[in-house]
Amino acid sequence: GMGGINAYEVGSTTSTPVHIYAGGVLRAVVDPTSGNLAMSGGALGYGSASFGAAVQPTSLTANVTINKPSGEIMMFSGIPPGGDVIFIVNNNTVAPGDIVIAHIKNALTAYSIEAETANAGYFRLRVRNVGGGTYGLPVINFAVIKVGTA
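Source: prediction; values computed, not measured.

Engineer: Even after reading the chapter, I still don't get the sheet that holds strand S3 (residues 37-39), so can you show me in this structure?
Structural biologist: Within a sheet, neighbouring strands are paired by backbone hydrogen bonds and run either parallel or antiparallel to one another. With antiparallel pairing, three strands are arranged side by side in an open sheet as S1-S2-S3. Each edge of the open sheet carries a strand with a single partner, namely strand S1 (18-22) and S3. The sheet shows a mean angle of 25° between the axes of neighbouring strands, taken without regard to direction. Note: strand S2 (residues 25-30) against S3, three bridges, orientation antiparallel. Along S3, the bridge assignment pairs Ala 28 with Met 39.

Next comes the structure, spelled out in structure tokens:
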């Protein structure tokens, strides 16, 4: 069972692929050998209940907290030319070894971003102004991808 959640369990105890239908249309197939999920159209991602948002409160290096596996961070201000800032995102969904993907949502191409080390309960983001001028306020989107353990 799913602990009282209104859901269905699907599966196969043989080497038969598991087909997932929605609205009478085949939407995904789980390969029984590799466990790979192949989607036919649509998108793979988090729903709105898995999204959080935060604004840096006092400075470009101020930490933020978003305890959801995906979210949006509005930085405190634009970053000056050549500027390089690192700040922490406190996040209780992230664990060591997880992968964090981040990008600048509002198409400010003069900024580069990278997600650094994922730790138990937080990760770091590094944002740099690689352009020659002062640009707008960066807004960051991120998603945590869970990594299996042995």
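Engineer: So what exactly am I meant to see when it comes to the sheet that holds strand S4 (residues 51-55) here?
Structural biologist: With respect to topology, four strands assemble into an open sheet ordered S4-S6-S11-S8, the strand pairing being mixed. Strands at the two margins of the open sheet, each flanked by one partner only, are S4 and strand S8 (99-104). Between one strand axis and the next, the sheet turns through 20° on average, direction left out of account. Bridging between S8 and strand S11 (residues 139-145) involves six bridges; their strand directions are antiparallel. Paired with His 103 across the two strands is Asn 141, which belongs to S11.

Engineer: Explanation requested: the pairing of strand S10 (residues 122-129) in the structure shown.
Structural biologist: Regular strands place their side chains on alternate faces of the sheet. A one-sided burial pattern is seen for S10, the buried positions being Phe 123, Leu 125, Val 127 and Asn 129 and the unburied ones Tyr 122, Arg 124, Arg 126 and Arg 128. As defined by bridge partners, strand S9 (residues 111-119) adjoins S10 across eight bridges and the pair is classed as antiparallel. Within S10, the residue paired with Glu 114 across the bridge is Arg 126. Here S9 folds back onto S10, and the loop between the two strands holds two residues, one of which, Gly 121, carries a positive phi near 90°.

Conventions and cut-offs
Residues numbered from 1 in each chain as written. Predicted model: local features only at pLDDT ≥ 70, side-chain atom pairs only at ≥ 80, totals over all residues. Heavy atoms only, no water. Pairing = 2+ DSSP bridges. Helix = DSSP H or I, 4+ residues; strand = E, 2+ residues; numbered from the N terminus. Axes fitted to C-alpha atoms, helices over the stretch in contact; angles between N-to-C directions. Buried < 20%, exposed > 50% of the residue type's maximum accessible area, 1.4 Å probe, protein only.

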